[in-house]
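This is what each chain is made of:
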Amino acid sequence: MFNYTINAQNSEMKLTVSGRVDNEGISIFQESLDKALERSEEKAVLDLSALEFINSSGIGKLLIFYKKFKNTGREVVIDGINEDVFTLFKAIRLDKLIEIKR
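Residues numbered from 1 in each chain as written. Predicted model: local features only at pLDDT ≥ 70, side-chain atom pairs only at ≥ 80, totals over all residues. Heavy atoms only, no water.

> Can you break down the overall build of the protein residue by residue, with the values?
Within the protein one finds three helices and five strands. Start at the N end of the protein and walk to the C end: the helices and strands fall as β-β-α-β-α-β-α-β. Here the C-alpha atoms of the protein give a radius of gyration of 12 Å, agreeing with the 13 Å that 2.2 N^0.38 yields for 102 residues. The C-alpha extent of the protein, read off along each of the three principal axes, is 30 × 25 × 20 Å. The burial tally for the protein puts 41% of its 102 residues in the buried class. Considering only contacts within the protein whose residues lie at least 6 apart along the sequence, 70% involve residues at least 24 apart. Within the structure as shown, the protein displays about 5,800 Å² of accessible surface, and the carbon and sulfur contribution to it stands at 46%. The averaged location of the 16 negative side-chain charges in the protein is 5 Å from the averaged location of its 15 positive side-chain charges. (Helix = DSSP H or I, 4+ residues; strand = E, 2+ residues; numbered from the N terminus. Rg over C-alpha atoms; globule rule 2.2 N^0.38 Å. Buried < 20%, exposed > 50% of the residue type's maximum accessible area, 1.4 Å probe, protein only. Contact = heavy atoms within 4.5 Å. Areas by Shrake-Rupley, 256 points an atom, 1.4 Å probe, with all protein chains shown as cover. Lys, Arg positive; Asp, Glu negative; His and termini not counted. Charge placed at Lys NZ, Arg CZ, Asp CG, Glu CD.)

Written out as structure tokens, the structure reads:
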């Protein structure tokens, strides 16, 4: 099961996700990213600390979100990530594209 919340304070939006981005959770993950894109905050902080798993489709959707958000002159940061997902992101060098705070 996949869940998300979006909270905002000043010019910063925090998207907190939990669960698994797999074949079942991918549509809700897309919904969360679409809602985040519609917002006007200057910075998106993605809290992935409770994200248990993300498949290649989820990574693709994350990259599209990153590109669209950055193209509007805004900033994306990952703040909180579990060890397994971090290892995956490092293996595909996603940590070189998106700032990851641990």
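> Before we move on, could you go through helix α1 (residues 26-38) and cite the residues and values that matter?
If you check α1, its first and last C-alpha atoms are 19 Å apart, about what 13 residues at 1.5 Å a residue would give, namely 18 Å. Within the span of α1, buried status applies to Ile26, Phe29, Ser32, Leu33 and Ala36. Projected down its long axis, α1 carries its buried residues within an arc of 120 degrees, all on one side. Tucked into the core, α1 has its buried residues touching β1 (2-9), β2 (12-21), β3 (43-54) and α2 (56-71). (Expected span 1.5 Å × (residues − 1). Arc of directions from axis to C-beta.)

> Can you explain the pattern of salt bridges? Please cite residues and give values.
Taken as a whole, this structure holds seven salt bridges when the rule is applied. Between lysine 14 and aspartate 47 there is a salt bridge, with the nearest N and O atoms lying 3.9 Å from each other. Of this pair, lysine 14 sits in strand β2 while aspartate 47 sits in strand β3; the two residues are 33 residues apart in sequence, bridging distant segments of the chain. We classify aspartate 47 as buried; its relative accessible area is 11%. (Salt bridge = Lys/Arg side-chain N within 4 Å of Asp/Glu carboxyl O.)

> Summarise the environment of asparagine 82; cite the residues concerned and give the values.
The residue asparagine 82 is located in the loop between β4 (75-81) and α3 (83-91) in this model. Note on asparagine 82: relative accessible area 19%, which makes it buried. With 18 residues separating them in the primary sequence, asparagine 82 and isoleucine 100 have C-alpha atoms 11 Å apart. Non-local contacts of asparagine 82, meaning those with residues more than four positions away in its chain, are made with Leu48, Ser49, Leu51 and Glu52. A polar contact is formed between the side chain of asparagine 82 and the backbone nitrogen of valine 85, at a distance of 2.8 Å. (Polar contact = N/O pair within 3.5 Å; in protein donor to acceptor, adjacent residues only side chain to side chain.)

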